[in-house]
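Okay, here's what each chain looks like letter by letter:
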Amino acid sequence: MKFTVIDNFLDNNILHEINSNIFSDKLEWKFSNSLTIEHRLIENNNNISAYAYLFNDLIKKLSCKYIFYASIKIIFESEDKFFFQDYYENLNTFNVKYYFNTCNGHTEIRGGPKILSKSNTIAFFKNLPHIETAPTDKPYKVILDMNLELNQ
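What you see is a predicted model, and the numbers here were worked out from it, not measured in a lab.

Definitions and limits used
The residue numbers shown here count from 1 along each chain, following its written sequence. Side-chain atom pairs in this predicted model are given and counted only at pLDDT of 80 or more, local residue features only at pLDDT of at least 70, and totals for whole chains, interfaces and linings cover all residues. Side-chain metrics in this entry use all non-hydrogen atoms of the structure; hydrogen atoms and water are not considered. Helix and strand definitions here come from DSSP, where helices need a minimum of 4 consecutive H or I residues and strands a minimum of 2 consecutive E residues; each element is numbered from the N-terminal end. Buried residues are those whose accessible area, probed at 1.4 Å on protein chains only, stays under 20% of the maximum for their type, while exposed residues exceed 50% and partly exposed ones sit between those limits. Whether two residues are in contact is decided by their heavy atoms: any pair within 4.5 Å suffices. Between any two strands, at least two bridges found by DSSP are needed for them to pair. Helix axes use the C-alpha atoms of the stretch in contact, all axes being lines fitted to C-alpha atoms, and the angles between their N-to-C directions lie in the range 0 to 180 degrees. pLDDT: the predictor's confidence for each residue, scored from 0 to 100. Put simply, buried Ala, Val, Leu, Ile, Met, Phe, Trp, Tyr and Cys residues joined by side-chain atoms within 4.5 Å make one nonpolar core. One side-chain nitrogen of Lys or Arg within 4 Å of one carboxyl oxygen of Asp or Glu is enough to make a salt bridge.

## Some thoughts on the overall build of the chain
For step 1, the next point in the chain: Counting secondary structure elements, the chain contains two helices and eleven strands.
For step 2, the next point in the chain: Reading the helices (α) and strands (β) of the chain from amino to carboxyl end gives β-α-β-β-β-α-β-β-β-β-β-β-β.
For step 3, the next point in the chain: Put simply, the chain has 152 residues, and 49% of those count as buried.
For step 4, the next point in the chain: Counting only contacts in the chain whose residues sit at least 6 apart along the sequence, the fraction spanning at least 24 positions is 76%.

Written as structure tokens, this is what we have:
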């Protein structure tokens with residue numbers, strides 16, 4: 001099972017700029033399900049949000065060839081540690097999770113480890129089915145969820 005986790009991925013100034021926009025009233029959010037709202041940034045390699053530019057440095061660091069989608073998701077607290085999605089697997093692309101806040105919600109890889117939600121941490125992996133869990137210790141978990149092809 002192959003996955004990579006990198007702490008302190010973005011410069012603090014870039015992280016501050018992103019956070020000041022995400023946690024403002026500027027973004028439009030849509031419900032994904034009863035515990036999750038999202039703001040789509042990129043679909044089929046096209047920016048569909050005026051705020052996609054905020055992630056240019058992150059995308060450059062990843063050396064992306066093609067971005068199938070990128071979305072900011074806020075997953076709200078649940079006492080039941082509710083799994084908000086089924087295991088997801090895409091055999092031809094990389095999944096990227098960038099965590100904006102620290103909480104006990106995590107990304108769980110089927111048959112493998114849990115990737116903790118830690119502020120300014122990124123995880124990426126290929127061919128690994130996974131789920132997201134809701135936090136129980138904070139009001140929400142915020143992640144950037146991407147599906148992409150990397151230059152290799």
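## Considerations on the sheet that holds strand β7 (residues 103–109)
For step 1, the next point in the chain: Reading across from one edge, β8-β7-β10 is the order of the three strands in this open sheet, with antiparallel pairing throughout. Looking at which strands have only one partner, the edges of the open sheet turn out to be β8 (114–117) and β10 (130–132). Going across the sheet, the axis of each strand differs from the next one's by a mean of 25°, ignoring polarity.
For step 2, the next point in the chain: Of the strand pairs in this sheet, β7 and β10 are connected by three bridges, and their pairing is antiparallel. Its bridge partner being in β10, E108 is matched across the sheet by I131.

## Points about the environment of I37
For step 1, the next point in the chain: By secondary structure assignment, the location of I37 is in strand β3 (residues 36–43).
For step 2, the next point in the chain: Residue I37 is classed as buried on the basis of its relative accessible area of 11%.
For step 3, the next point in the chain: I37 has contacts with W29, K30, F31, S32, I72, K73, I74 and F76, leaving out every residue within four places of it along the chain.

## Structural notes on unusual backbone geometry
For step 1, the next point in the chain: The residue N8 is not glycine, and still its phi comes out positive at about 50°.
For step 2, the next point in the chain: By secondary structure assignment, the location of N8 is in the loop between β1 (3–6) and α1 (12–22).
For step 3, the next point in the chain: Of note in this structure, N44 is not a glycine but carries a positive phi near 50°.
For step 4, the next point in the chain: Locating N44 in the fold gives a position in the loop between β3 and β4 (46–47).
For step 5, the next point in the chain: Exposure remark for N44: the relative accessible area of 47% places this residue in the partly exposed category.

## A short note on the confidence of the model for the chain
For step 1, the next point in the chain: Mean pLDDT over the chain stands at 87; residues scoring 70 or higher make up 89%.
For step 2, the next point in the chain: Mean pLDDT in the chain bottoms out at strand β2 (residues 30–33), which sits at 82, and peaks at β4, which reaches 96.

## Observations concerning the side chain of S78
For step 1, the next point in the chain: By secondary structure assignment, the location of S78 is in the loop between β5 (64–76) and β6 (94–99).
For step 2, the next point in the chain: A relative accessible area of 10% means that S78 is categorised as buried.
For step 3, the next point in the chain: Residue contacts for S78: discarding those within four places in its chain leaves L35, A134, P135 and T136.

## Structural notes on the nonpolar core
For step 1, the next point in the chain: F55, L58, L62 and L144 are the most contacted members of the largest nonpolar core, which has 32 residues in total.
For step 2, the next point in the chain: With sequence-adjacent residues up to four places away left out, L62 is seen in contact with F9, V96, I122, F124, L148 and L150.
For step 3, the next point in the chain: One finds I75, Y99, A123 and I143 within the second-largest nonpolar core, a separate group that totals ten residues.

## Describing the pattern of salt bridges
For step 1, the next point in the chain: Across all of its chains, the model carries eight salt bridges by this definition.
For step 2, the next point in the chain: Here E43 and R40 are joined by a salt bridge, their closest N and O atoms 3.9 Å apart.
For step 3, the next point in the chain: We classify E43 as partly exposed; its relative accessible area is 34%.
For step 4, the next point in the chain: Residue R40 is classed as partly exposed on the basis of its relative accessible area of 32%.
For step 5, the next point in the chain: Within the structure, one salt-bridge network assembled from shared partners comprises K73, K97, E132, K141 and D145.

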